[in-house]
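# Commentary on secondary and tertiary structure
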Amino acid sequence: IKEGYTLGLDEVTDIIQKDCSFVSFEGGAIISLLNIPIYKIQTELSAYQYLNIPLTTSDNDTAITIQPQNSILAINLQNELFIELSNYDLQHNCKRLKEKYFCEQKAVLKRSQQKTCLTSLFRQNNDEISKTCAIQISTIEEKVLQLNTTTFLIYTKNEKQIYITC
């Protein structure tokens, strides 16, 4: 492997979970053409998902929700390379191998001058959040967000007792 690049596999056994382009059986041997992901080390990004949790105002009568265009921000360790994705993009345009996603059609962009709602939220830049984010004020009493198949986050303005039946 060329210097500065790394294999997108954690273990050799990960190869059998990858897509196969060609399979042939010749002379008692199976011949398979595998696509093994290789990428530049500095382009490995960590993904963060924004959860649209309402923020209650000090009077407890209204709630503010911030609605970025996309909900997933993938950013490198130096915070200079990043890409924004929707859940649809991640599920349909990227291939998953264990805990890693490989998004071949998505170019990693370096947009240090361009500010978006999601990057402003990530960097906790309040001035940019107010300029780039769609902010909605409402009287939400409660909101339920599904985090995964078995975990939910429940937002309520007041303390509540909730009964769960399985």
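Notes on the structure in this doc start here. These figures come from a predicted structure and were not determined experimentally.

### A short note on the overall build of the protein chain
Assigned secondary structure in the protein chain consists of three helices and 14 strands. The globule rule puts the C-alpha radius of gyration for 166 residues at 15 Å, and the 22 Å found for the protein chain is more than 25% above it. Expressed as lengths along the three principal axes of its C-alpha atoms, the size of the protein chain is roughly 75 × 50 × 20 Å. Put simply, the protein chain shows about 12200 Å² of open surface, and 51% of that area lies on carbon and sulfur atoms.

### Some remarks on the packing of aromatic side chains
Going through the model one piece at a time under the given rule, you end up with one aromatic pair. Residues Tyr48 and Phe122 carry aromatic rings whose centres are separated by 5.2 Å and whose planes lie at 45° to one another, so their mutual orientation is tilted. Here Phe122 lies in helix H2 (residues 117-122) and Tyr48 lies in strand E5 (residues 46-49), a separation of 74 residues in the sequence. Judged by its relative accessible area of 41%, Tyr48 falls in the partly exposed class.

### Some words on a nonpolar patch on the surface
On the surface, a cluster of nonpolar side chains totalling about 440 Å² of accessible area is made up of Ile1, Leu7, Leu34, Ile36 and Ile38. Residue position: Ile38 is located in strand E4 (residues 38-40).

Rules of the game
Residues numbered from 1 in each chain as written. Predicted model: local features only at pLDDT ≥ 70, side-chain atom pairs only at ≥ 80, totals over all residues. Heavy atoms only, no water. Helix = DSSP H or I, 4+ residues; strand = E, 2+ residues; numbered from the N terminus. Rg over C-alpha atoms; globule rule 2.2 N^0.38 Å. Areas by Shrake-Rupley, 256 points an atom, 1.4 Å probe, with all protein chains shown as cover. Phe/Tyr/Trp six-rings, centres within 6.5 Å; stacked < 30°, edge-to-face > 60°. Buried < 20%, exposed > 50% of the residue type's maximum accessible area, 1.4 Å probe, protein only. Patch = residues over 30% accessible without salt bridge, like charges linked within 9 Å, V, L, I, M, F, W, Y side chains within 5 Å. Salt bridge = Lys/Arg side-chain N within 4 Å of Asp/Glu carboxyl O.

From the geometry alone we can't say anything about function, so treat these as descriptive.
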